[in-house]
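# Structural overview for review
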Amino acid sequence: MTRRWIGLTIVSSVLLLLFLTFKVIRFQSLYYTYNDMYAFLQLSCSWIDGRPVLYENVWGYDDRIHNNYAMLLWGPLIYVLGAYGAFIVLIGLYLLSYTLLLREVSRRNTGWFAWVALAVMLFGPVWFWFNDHPGFGWHPELTYYPLAILFVLALFDGWTGWFLLTAALIVLVKEDGALLAGGIHLAYVCVQYVHRTTQSVFGILTRRRFWFIVGGWALVFVAGMLFLSYKNNAAEPEPRLQQALQIIREGIYQADFVARNLRLLLNNLLLLLPSFLLLLYVLYRTGFRQVGSLLLIYAVAQGALLASNWVQGSHYYGTNPAFDLVSLTWPPRFVLMYAFSVCYVAMVWLVFEDEVTPAPTWQPVALAAGLFIIQLPIVHVARSDFRLGTILHDTFMYRFDPQKMPLLPDSDVAVVERLAKAIPARSSVYVFDFLIPFFHKHYNIWPTDKQWEKADLAIIPNDDFQRLGDRLPRVMKQPYRAVRLNTYTIYVTPAYETYLKQALP
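Residues numbered from 1 in each chain as written. Predicted model: local features only at pLDDT ≥ 70, side-chain atom pairs only at ≥ 80, totals over all residues. Heavy atoms only, no water.

## Observations concerning the overall build of the protein chain
For the record, the criterion: The numbering of helices and of strands both runs from the N terminus, where a helix is a DSSP run of H or I of at least 4 residues and a strand a run of E of at least 2. The reference for a compact globule is 2.2 Å times residues^0.38; the radius of gyration itself is calculated from the C-alpha atoms. Only protein chains enter the accessibility calculation, which uses a 1.4 Å probe; a residue is then buried when its area is under 20% of its type maximum, exposed when over 50%, and partly exposed in between. Residue contacts follow a heavy-atom distance rule, with two residues in contact if any of their heavy atoms lie within 4.5 Å. For accessible areas, the Shrake-Rupley method is used with a probe of radius 1.4 Å. Any residue's cover is judged against the shown protein chains and nothing else. The charge count includes Lys and Arg as positive and Asp and Glu as negative, but it does not include His or the ends of the chains. To locate a charge, take atom NZ for lysine, CZ for arginine, CG for aspartate or CD for glutamate.
The secondary structure content of the protein chain amounts to 20 helices and seven strands. For the protein chain, the C-alpha radius of gyration of 24 Å lies close to 23 Å, the compact-globule estimate for 505 residues. The dimensions of the protein chain, computed from C-alpha atoms along their principal axes, are 80 × 50 × 50 Å. The buried share among the 505 residues of the protein chain stands at 56%. The contacts in the protein chain between residues at least 6 apart in sequence include a share of 74% that link residues at least 24 apart. By element, 65% of the accessible surface of the protein chain is carried by carbon and sulfur atoms, the whole surface being about 20900 Å². Between the averaged position of the 39 positive side-chain charges in the protein chain and that of its 33 negative side-chain charges there is a distance of 5 Å.

Quick look at the structure:
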């Protein structure tokens with residue numbers, strides 16, 4: 001067992017470190033330029049700089065929108081390393097969760113499951129896609145996946161402190177974390193019940209412990225939502241839930257709304273298919289004992305997560321032209337369902353492993369290869385923003401995202417890079433989208449008028465096709481002057497003139 005576990009751990013650790021390297025290369029190549037990641041970087045360490053807790057320059061008081069309090073834990077690392085700190089947090093949690101999961105699985109008599117899980121769920125193309133998170137690069141919800149694995153292991157371990165710690169971390173990621181943790185906990189109790197008895201899962205409805213757990217997690221979820229509602233209505237209300245429900249009430253009578261959501265539902269199920277097929281194989285190897293109950297548990301839990309994701313995603317219908325990409329299959333939403341799917345497969349395996357029948361070696365090998373391969377077309381069909389061949393080719397063949405390169409001449413980029421390194425850490429800047437990664441350790445300002453402090457530096461394309469210059473009087477400290485480069489114009493206050501002189505050739 002020790003040799004098998006060490007081998008598995010080495011393989012998974014090397015793959016995770018390679019993926020971290022890939023993330024760093026993608027970031028430095030300016031593929032992650034959408035505002036969400038940079039808003040999270042800002043709110044994670046705003047409290048360190050004496051700003052309000054969870055404050056950032058896109059939406060302002062972000063804690064009125066979501067309960068992202070786990071970000072405060074990662075704040076010190078992000079404060080020092082910027083976006084790299086966020087990547088390290090995610091990969092660090094993966095290293096810990098995968099190591100412990102593989103150790104637990106390797107204790108069993110059959111080691112094939114660990115290798116199949118590695119290829120299908122832990123490192124498959126679906127996993128690669130949502131952790132790459134095209135365009136955005138990082139969301140705190142991506143930590144749901146490794147934290148969910150740690151939570152499952154805590155349930156099997158039975159240590160109360162470990163259970164409470166992992167449960168709290170999941171809940172603190174975002175308000176819907178209580179649904180994920182509650183679903184995993186209830187699924188664990190139900191799977192243990194059907195394993196011990198010959199009854200269907202409905203028999204657990206007579207058990208007091210089951211209802212105690214249901215009530216406990218319902219209380220945690222409702223309390224989180226009420227707390228969020230209180231903060232939201234304390235000042236400048238933004239009733240996202242009410243808006244989403246109103247869109248749904250009106251949308252169910254619109255053919256376009258129904259058709260697009262049905263297509264998104266199909267894509268969501270396609271992305272879950274490989275892990276679900278692995279679940280069916282595990283059930284097959286156990287003789288399909290209690291198969292009806294086990295599939296019902298899976299369906300009910302996933303249904304609850306799907307409903308939550310649907311409501312949240314509906315908020316963007318009619319207001320976001322990229323609705324199909326930020327609804328059900330958007331990585332920060334889809335990750336909840338994928339995390340549960342993976343955890344449930346592992347859970348059923350760990351509980352029923354004593355009933356697994358032997359199989360020829362070729363069978364799990366063929367299964368792993370087949371389920372890995374089918375994920376490639378699935379991700380391509382379900383997500384138009386993910387083309388693995390193009391991603392790998394462009395990442396390693398071009399210095400920057402080729403779609404952005406017309407606005408990235410070497411001479412201007414060199415000035416911008418030197419300027420980003422020269423200005424004081426945590427400076428407030430107003431920078432064109434493509435250049436934001438260079439300033440990931442600073443407080444970039446977006447044209448939403450939510451900045452905590454006005455900027456000392458702005459960089460805007462000369463043609464200003466986004467009309468960013470119109471907002472300069474509202475986002476820049478006075479006075480400031482303009483310095484024109486080949487593609488960009490830099491606006492700088494007297495306090496930052498010295499840094500600009502250092503950056504200019």
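Let us keep going from here.
## A few points about the domain arrangement of the protein chain
By a frequent convention, interface size equals the accessible area lost on bringing the separate parts together. The test is simple: Boundaries between domains were set according to an automatic or database domain assignment.
What the domain assignment lists for the protein chain is domain 1 (109–394) and domain 2 (405–503). A straight line from the C-alpha centre of domain 1 to that of domain 2 covers 41 Å.

## Some words on unusual backbone geometry
Of all residues except glycine, most have a negative phi; of all peptide bonds, most are trans. Following Gln478, the chain continues to Pro479 via a peptide bond in cis, the omega torsion being -5 degrees. Position of Pro479 among the secondary structure elements: in the loop between α19 (472–475) and β6 (481–484). Phi at Gln290 is positive, roughly 60 degrees, even though this residue is not glycine. Position of Gln290 among the secondary structure elements: in the loop between α12 (255–285) and α13 (291–314). Residue classification places Gln290 among the buried positions, given a relative accessible area of 16%.

## Focus: the packing of helix α7 (residues 144–157) against helix α15 (residues 331–352)
Cut-off, in case you're wondering: Axis lines are fitted to C-alpha atoms, over the contacting stretch for helices. Their N-to-C directions set the angle, which ranges from 0 to 180 degrees. Small angles under 35 degrees read as roughly parallel and large ones over 145 as roughly antiparallel, with 65 to 115 read as roughly perpendicular and the rest as oblique. Take the far helix as the reference: if the near one is turned anticlockwise from it by less than a right angle, the crossing is left-handed, and if turned clockwise, right-handed. Asp, Glu, Lys and Arg are counted as charged, while Ala, Val, Leu, Ile, Met, Phe, Trp, Tyr, Cys and Pro are counted as nonpolar; the rest, among them Gly, fall into the polar class.
Two numbers describe how α7 lies on α15: the axes approach to 9 Å, and their chain directions differ by 30 degrees. Between α7 and α15, the interaxial angle falls into the category roughly parallel. As for the relative orientation of α7 and α15, their crossing is right-handed in sense. Facing Tyr144, Tyr145, Ala148, Ile149, Val152 and Phe156 of α7, the residues of α15 in contact are Val335, Leu336, Tyr338, Ala339, Val342, Cys343, Met347, Leu350 and Val351. Within the contact of α7 with α15, the residues separate by chemical class into 15 nonpolar, no polar and no charged.

## Some words on α7
Here is the rule: By definition here, a helix of n residues has an expected span of 1.5 Å times n minus one.
Compared with the 20 Å implied by 1.5 Å per residue over 14 residues, the 19 Å span of α7 between its first and last C-alpha is a close match. Here α7 lies mainly inside the structure; 12 of its 14 residues are buried. Of the positions making up α7, those classed as buried are Tyr144, Tyr145, Pro146, Leu147, Ala148, Ile149, Leu150, Phe151, Val152, Leu153, Ala154 and Leu155. Once α7 ends, the next one or two residues include Gly158, with phi positive near 80 degrees.

## Quick look at the sheet that holds strand β7 (residues 488–492)
We count it as follows: Strand pairing is assigned whenever DSSP detects at least two bridges linking the two strands.
Read across the sheet, five strands follow the order β4-β3-β5-β7-β6 without closing on themselves; strand pairing throughout is mixed. A single partner strand is all that each edge strand has here, and the edge strands are β4 (443–444) and β6. Two elements, strand β5 (residues 457–461) and β7, share five bridges in a ladder whose sense is antiparallel. Opposite Leu457, over in β7, you have Val492 as the bridge partner.

## Re empty space enclosed by the protein
Stated precisely, the cut-off is as follows: Buriedness of a pocket was judged along seven lines, with at least five required to meet protein on both sides within 12 Å; pockets are open sets of points on a 1 Å grid over the protein atoms alone, cavities are sets where a 1.4 Å probe fits but cannot get out, and lining residues have an atom within 4 Å of a point. Grid points are joined across faces, edges and corners, and a volume is the space filled by probe spheres set on the points.
Under the counting rule described, the total for this entry stands at four cavities of 30 Å³ or more. Within this model, the largest cavity holds a volume of roughly 40 Å³. If you trace the largest cavity, you find it lined by Leu101, Ile149, Val152, Val342, Cys343 and Ala346. Of all the elements, α15 adds the most residues to the lining of the largest cavity, at three residues. Tallied by class, residues from the lining of the largest cavity come to six nonpolar, no polar and no charged.

## Remarks on a nonpolar patch on the surface
The following threshold applies: Like-charged residues within 9 Å of one another, or nonpolar side chains (Val, Leu, Ile, Met, Phe, Trp, Tyr) within 5 Å, are grouped into patches, provided each residue has over 30% relative accessible area and no salt bridge. Here, a salt bridge means any side-chain nitrogen of Lys or Arg that lies within 4 Å of a carboxyl oxygen of Asp or Glu.
Where nonpolar side chains cluster on the molecular surface, the patch consists of Ile6, Ile10, Val11, Val14, Leu15, Leu18 and Trp115 and spans about 600 Å² of accessible area. Among the elements that line the nonpolar patch, the one with the most residues is helix α1 (residues 2–28), at six residues. Looking at the element boundaries, Leu18 is found in helix α1.

## Digging into the pattern of salt bridges
What the rule picks out here adds up to 18 salt bridges. The partner of Lys174 in a salt bridge is Glu141, and the shortest N-O contact between them spans 3.8 Å. Taken together, the positions of Lys174 in the loop between α8 (160–173) and α9 (177–196) and Glu141 in the loop between α6 (125–132) and α7 put the pair 33 residues apart, joining distant regions of the chain. Relative accessible area serves as the criterion here: at 3%, Lys174 is assigned to the buried category. On the basis of relative accessible area, Glu141 is assigned to the buried category, the value being 5%. Between Arg471 and Asp449 there is a salt bridge; the shortest N-O distance is 3.2 Å. Here the residue Arg471 occupies a position in the loop between β5 and α19, and Asp449 occupies one in the loop between β4 and β5, the gap between them amounting to 22 residues.

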